[in-house]
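# Report on the structure
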Amino acid sequence: MAKNINSISFTVLLLVLVMASTGILKSEAQTCGVGGCPNLVDRVFWGECGPAPFTGTNAECCTCCVAKFGSPPVCWAVVEGSDTHCHCYKKK
C-alpha cells in the first residue's frame, strides 16, 4: 500500500511540474498601462470597470481600466470572480 501511495505522489508531483513548466498555470490577466505590475506582491485592487457581468476579454478590461482610472495608476487588469467583473489594479 505504501508503495502505491509513493507512486501516486510521484506521479502527481511530476504532473504539477510539467504543468508549471509549460505555462498551463500562468494567469491570463493583462499587464496594462505604463510599466505594468505582473507580480502579485506589487499590486493592490483599485476598482471595477464596465458592466457586470463583464463579457469582454482581459485586453478589453485593460482598456476600460485605463480609460476610467488612467495609466498610471492602473498596471494590471483581469476579468475574474464567479460573477465575472473587470478588476483594475494599481501598484502598491
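Structure: see above.
Here we summarise the structure given alongside this text. Just so it is clear, the structure is predicted and the values come from calculations on it, not from any experiment.

## Comments concerning the nonpolar core
The biggest cluster of nonpolar side chains holds 10 residues, and these are C32, C49, F54, C61, C62, C65, V74, A77, C86 and C88. Going through the elements one at a time, α2 (58–69), β3 (74–80) and β4 (85–91) are the ones with two or more residues in this core. With three residues, α2 is the single largest residue contributor to this core. Aside from chain neighbours lying at most four places away, what touches C32 is C62, V66, V74, C75, W76 and A77. In terms of nonpolar packing, the next biggest core, distinct from the first, is built from five residues, C37, W76, V78 and Y89 among them.

## Focus: unusual backbone geometry
A cis amide bond, omega -10 degrees, links S71 with the succeeding residue P72. Positioned with a positive phi, T84 is a non-glycine residue whose angle comes to about 45 degrees. You can see T84 is positioned in the loop between β3 and β4. Accessibility expressed as a relative area gives 31% for T84, which makes it partly exposed.

Quick notes on the rules
Residues numbered from 1 in each chain as written. Predicted model: local features only at pLDDT ≥ 70, side-chain atom pairs only at ≥ 80, totals over all residues. Heavy atoms only, no water. Core = buried A, V, L, I, M, F, W, Y, C linked by side-chain atoms within 4.5 Å. Buried < 20%, exposed > 50% of the residue type's maximum accessible area, 1.4 Å probe, protein only. Helix = DSSP H or I, 4+ residues; strand = E, 2+ residues; numbered from the N terminus. Contact = heavy atoms within 4.5 Å.

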